[in-house]
Amino acid sequence: MGFTGSDASMILKATDFSPEKPIIRETPHGSDIHRQILHIYDARGNEFEHAVEMTGRLYTMLAMFLHGASHTTEQNSANSYVQKGIEYISSNYSYAITVEDIADYVGVSRSHLYRVFMSNVGQSPIDYLTEYRINEACKLLRAGNLSIAEVAVSVGFFDQFYFSRVFKRAKGVPPSKYFAAQQDADPASPAQL
C-alpha cells in the first residue's frame, strides 16, 4: 500500500515504521489493521467517493499504528511540532514570516516552539529560519541569475543591507564576494555566458 501527502512523513515518523524497520510483524491491533486493509481494498474504484472512502480507511488504519507505536506521546508531539514548523518555514521562508506565525501554524506557544526546536534541532526557530534563508540565498547566488537585492527579497529579507550583514555573519563574506567567488570558480556559469 502506498500513500503520499503533506502529513505522510509526519504520520509515519509517529509510528514504529522506519527505513531500518519497514515491516512491523507484531502490533496489538493486528486483526483490526488487517480488516482495515480489506476495507480499503473493497472501497477501490474510479469515483471521487471511492477515493474519499479509501483515504478515510487509510487514516483509520494509520491511527491504529499510532496507538501501537512504542514512542512516547510527548516525543511524538515534539517531533510533529518541529516537523510542522520546518514544513512551514520551507514553504514560507520567502515571506516576512515571524516566529509567532510559525507557532500559530504549529498550534503551540512561541516558548513551547522554542523548547522543542532547541531539544530536537539544536537551534531556535528564528536561527533555523535565518539559516534556511541564507542557504537558499547561496543557491540563488551560485545560479547567478539575480542581483543581490533580488536574492535578498527572494529569501525573505526586504532590506538589502540587513541581508548583507546577516549573510556575512553566517558565511564570513558579504554576498557580493560570495557571488564573485562562485563566478570565478565556474567560468561557464550563466552570468558569464
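Residues numbered from 1 in each chain as written. Predicted model: local features only at pLDDT ≥ 70, side-chain atom pairs only at ≥ 80, totals over all residues. Heavy atoms only, no water.

Peer 1: Help me understand the overall build of the protein, please; the structure alone is not making it clear to me.
Peer 2: If you tally the helices and strands in the protein, you get 10 helices and zero strands. Shown N-terminal to C-terminal, the secondary structure of the protein runs as helices and strands in the order α-α-α-α-α-α-α-α-α-α. In the protein, 60% of the contacts between residues at least 6 apart in sequence involve partners at least 24 apart. About 11,900 Å² of surface is accessible on the protein, with carbon and sulfur atoms providing 53% of the total. (Helix = DSSP H or I, 4+ residues; strand = E, 2+ residues; numbered from the N terminus. Contact = heavy atoms within 4.5 Å. Areas by Shrake-Rupley, 256 points an atom, 1.4 Å probe, with all protein chains shown as cover.)

Peer 1: Any chance you could explain the nonpolar core here in plain terms?
Peer 2: The nonpolar side chains of a soluble globular protein tend to be buried with one another. In terms of nonpolar packing, the biggest core is built from 29 residues, with Ile102, Leu113, Ile134, Phe157, Phe163 and Phe167 touching the most fellow members. Of all the secondary-structure elements, those providing two or more residues to this core are α4 (73–92), α5 (99–106), α6 (110–120), α7 (125–143), α8 (148–154) and α9 (160–171). With residues up to four places along the chain from it excluded, the contact list for Ile102 reads Gly85, Tyr88, Ile89, Ile97 and Leu113. In terms of nonpolar packing, the next biggest core, distinct from the first, is built from nine residues, Ile33, Met61, Leu62 and Phe65 among them. (Core = buried A, V, L, I, M, F, W, Y, C linked by side-chain atoms within 4.5 Å. Buried < 20%, exposed > 50% of the residue type's maximum accessible area, 1.4 Å probe, protein only.)

Peer 1: Sorry if this is basic, but what is going on with the confidence of the model for the protein here?
Peer 2: Any region with low pLDDT has predicted coordinates that should not be read closely. The pLDDT averaged across the protein works out to 84; a share of 87% of its residues lies at or above 70. Within the protein, the lowest mean pLDDT, 74, falls on helix α1 (residues 8–13), and the highest, 96, falls on α8. The low-confidence segment residues 189–193, where pLDDT is below 50, has nine contacts with residues more than four positions distant or belonging to other chains. (pLDDT = per-residue confidence, 0-100.)

Peer 1: Mind showing me how you'd approach the packing of aromatic side chains here?
Peer 2: What describes a pair of aromatic rings is the distance from one ring centre to the other and the angle between the planes of the rings. Using the criterion set out here, one finds eight aromatic pairs in the structure. Lying over the aromatic face of Tyr105, Lys84 brings its terminal NZ or CZ to 5.3 Å of the ring centre. The side chain of Arg133 reaches across the aromatic face of Phe157, ending 5.7 Å from its centre. (Phe/Tyr/Trp six-rings, centres within 6.5 Å; stacked < 30°, edge-to-face > 60°. Lys NZ or Arg CZ within 6 Å of the ring centre and 35° of its normal.)

Peer 1: How do you make sense of the pattern of salt bridges when you look at a structure like this?
Peer 2: In a structure, side chains of opposite charge can pair up when their charged atoms sit close to one another. Enumeration over the complete set of coordinates arrives at four salt bridges. Across the pair Glu53 and Arg57 runs a salt bridge, and its minimum N-O distance is 3.7 Å. In this pair, Glu53 and Arg57 both sit in helix α3 (residues 48–68), four residues apart, roughly one turn of the helix. On the accessibility criterion, Arg57 (27% relative accessible area) is partly exposed. The partner of Glu136 in a salt bridge is Lys139, with the nearest N and O atoms 3.0 Å apart. Of this pair, Glu136 and Lys139 are both found in helix α7, three residues apart, which corresponds to roughly one turn of the helix. Using a relative accessible area of 14% as the deciding quantity, one classes Glu136 as buried. Overall, the relative accessible area of 44% leaves Lys139 in the partly exposed class. (Salt bridge = Lys/Arg side-chain N within 4 Å of Asp/Glu carboxyl O.)

Peer 1: Explain the side chain of Ser124 to me, please; I cannot follow it from the model alone.
Peer 2: Within the element layout of this structure, Ser124 appears in the loop between α6 and α7. Contacts of Ser124, omitting those with residues within four sequence positions, involve Tyr114, Phe117 and Met118.

Peer 1: Quick question: what am I supposed to make of the packing of α7 against α9 here?
Peer 2: A pair of packed helices is captured by two measures, namely the crossing angle of their axes and the spacing between those axes. Between α7 and α9, whose axes approach to 10 Å, the crossing angle comes to 95°. For the element pair α7 / α9, the angle class is roughly perpendicular. Counted together, Thr130, Ile134, Asn135, Ala137, Cys138 and Leu141 of α7 and Phe163, Val166, Phe167, Ala170 and Lys171 of α9 form the full contact between these two elements. Split into classes, the residues belonging to the contact of α7 with α9 amount to eight nonpolar, two polar and one charged. (Axes fitted to C-alpha atoms, helices over the stretch in contact; angles between N-to-C directions. Parallel < 35°, antiparallel > 145°, perpendicular 65-115°, else oblique. Nonpolar A, V, L, I, M, F, W, Y, C, P; charged D, E, K, R; others polar.)

Peer 1: What is the right way to read the side chain of Gln36 from this model?
Peer 2: Take Gln36: it is sitting in helix α2 (residues 30–42). With a relative accessible area of 9%, Gln36 lands in the buried category. Excluding anything up to four places from it in sequence, Gln36 contacts Arg57, Thr60, Met61 and Met64.

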